[in-house]
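The residues making up each chain are set out below.
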Amino acid sequence: GKEQTEGTMANAEDSDSEPAADSASAADGEKAKIGHLSISLGSDFTTSIDNGMRRAADEKGYDLMTIDVNADPELELSSVETMLTSGVKAFYTISVASENVWNAVQEKDSSVAIISQQPGATANAHIVEDNVKMADMFLESLDAYMKEHNMESAKVGCMWLAECASPEMSMYAGKQTILEEINKAFEGTDNEVLCELYSSDPEGQTNNAESILNMYPECNVIFCYGSDIAVTAANIVMSAGRGADGFYIFASESAEEVYNQIANEQSPLQGCASGDVEELGYNIGLALIDYVETGKIQDVTVSKKLCDWRNVNEFLQN
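Parameters and conventions
- Each chain has its residues counted from 1, following the order in which its sequence is written.
- Local features in a predicted model are, by the rule used here, given only for residues with pLDDT of at least 70; side-chain atom pairs are given and counted only at 80 or more, and totals for whole chains, interfaces and linings are based on all residues.
- Based on all heavy atoms of the structure, the side-chain values leave hydrogens and waters out of the count.
- As defined here, a cavity is a set of points on a 1 Å grid over the protein atoms alone where a 1.4 Å probe fits but cannot get out. A pocket is an open set with protein on both sides within 12 Å along at least five of seven lines, and residues line them when an atom is within 4 Å of a point.
- Grid points are joined across faces, edges and corners, and a volume is the space filled by probe spheres set on the points.
- Segments assigned H or I by DSSP are reported as helices when at least four residues long, segments assigned E as strands when at least two residues long, and all are numbered from the N terminus.
- Note on residue classes: Ala, Val, Leu, Ile, Met, Phe, Trp, Tyr, Cys and Pro are nonpolar, Asp, Glu, Lys and Arg are charged, and everything else, Gly too, is polar.
- Counted as salt bridges are all cases of a side-chain nitrogen of Lys or Arg within 4 Å of a carboxyl oxygen of Asp or Glu.
- Here, a strand pair is defined by DSSP locating no fewer than two bridges between the strands.
- Only the stretch in contact is used when fitting a helix axis, every axis being a line fitted to C-alpha atoms; angles between N-to-C directions are given from 0 to 180 degrees.
- Contacts are residue-level and defined by heavy atoms, with any inter-residue pair within 4.5 Å sufficient.
- Only protein chains enter the accessibility calculation, which uses a 1.4 Å probe. A residue is then buried if its area is under 20% of the maximum for its type, exposed if over 50%, and partly exposed in between.

1. What about empty space enclosed by the protein?
Tallied over the entire structure, the rule returns two cavities of 30 Å³ or more. Approximately 40 Å³ is the volume attributed to the largest cavity. Forming the walls of the largest cavity are Glu129, Asp130, Lys133, Met134, Met137, Val302, Ser303 and Lys304. Per-element accounting of the lining of the largest cavity gives the leading share, three residues, to helix H5 (residues 131-148). Of the residues contributing to the lining of the largest cavity, the split by class is three nonpolar, one polar and four charged.

Right, here's the structure in full:
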């Protein structure tokens, strides 16, 4: 099965880094490892994270054990067992069942630390989005665009993921932070947030973008929580004959297609918060290693920078 090949892959890497083994050897002579318990390595996101973690491990003379659980809760639990018996002292995860993973670790060895990608998961530390900074990027870019295009006011539609809709959901707090920041900046101006719509599938996103244009003809800005949503919204706005001039769309995430649209003068997609996923993986790797060496674990903040029509060439793949 997949677990075996991943396990073997991790063990095969052990032999490559023997010389560095002494620098971080545990008291019993068995070298501590860091781990990546992945819900699936089938996405660009998780493989980029893994590449970054491996770079950190190689640099610091550690071994990274990666297991793909293929979204199988039973395999996930047996994989926790595999990791702990193999000497993994700290690991990163996007879990199928985060509570079960936490409980399994507590039962076997509560000194092992977990960094979770999921905001609401029980874990020692989490991956944290700097939502204030992201909202500020949006506002700064929008302001520059409005000046350049003599736009008198911003009438904003917001397209969120369904996971942002209610206070019980893990992404709700992030959404609220972004909205508060935008509303604070809009106080005392003619700029306003007109509406908020939620959806997590392409069809719903298409319907939402069409609804915004139909219900709010004055809308000239769409803030999109996610890269796919932004690409969908841009395509709908273009097909409605409202092109780039005087329409501004922003994406909270980056992707190749987002960069391409920002560079395309016909597209209203004008900016995004660009994150380097491999760099995030690298920082996760360093945080896990730091825990093994110092016993202290910290949240890992996603670092993003503003990409918009003014600097998009720096982000396009040559």
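2. Considering the pattern of salt bridges
Taken as a whole and judged by the stated rule, the model has twelve salt bridges. In this structure, Asp143 and Lys147 form a salt bridge, with 2.8 Å as the shortest nitrogen-oxygen distance. With Asp143 and Lys147 both in helix H5, this residue pair falls four residues apart, about one helical turn. With a closest N to O distance of 3.6 Å, Glu196 and Lys175 form a salt bridge. Highlighted residues: Glu196 in strand S7 (residues 192-198) and Lys175 in helix H6 (residues 172-186), separated in sequence by 21 residues. A single network of salt bridges, built from pairs that share partners, joins Arg55, Glu278 and Glu279.

3. Observations concerning the sheet that holds strand S8 (residues 221-224)
Across the sheet, six strands lie side by side as S7-S6-S8-S9-S10-S12; this open sheet has mixed pairing. A single partner strand is all that each edge strand has here, and the edge strands are S7 and strand S12 (304-308). Taking the axes of each pair of neighbouring strands and ignoring which way they run, one obtains an average angle of 15° across the sheet. With three bridges connecting them, strand S9 (residues 248-251) and strand S10 (residues 269-275) associate as parallel partners. Across the sheet, residue Ile249 finds its bridge partner in S10, namely Leu269.

4. Some words on the sheet that holds strand S5 (residues 125-129)
Ordered by their spatial adjacency, six strands build an open sheet running S2-S1-S3-S4-S5-S11, and the pairing between neighbours is parallel. For this open sheet the edge positions go to strand S2 (63-68) and strand S11 (300-302), each flanked by a neighbour on one side alone. Averaged over all pairs of adjacent strands, the angle between strand axes in this sheet comes to 20°, irrespective of strand direction. As judged from the three bridges shared by S5 and S11, these two strands associate in the parallel manner. Counterpart to Glu129 in the pairing with S11 is Val302. Where helix H2 (residues 44-60) meets the sheet, its contacts fall on strand S1 (33-38), S2 and strand S3 (88-93), and the angle it forms with S1 comes to roughly 180°.

5. Re the environment of Glu210
Inspection of the secondary structure assignment puts Glu210 in helix H7 (residues 202-215). The exposure class of Glu210 is partly exposed, given its relative accessible area of 36%. C-alpha of Glu210 to C-alpha of Ala240: the two residues are 30 residues apart in sequence and 8.7 Å apart in space.

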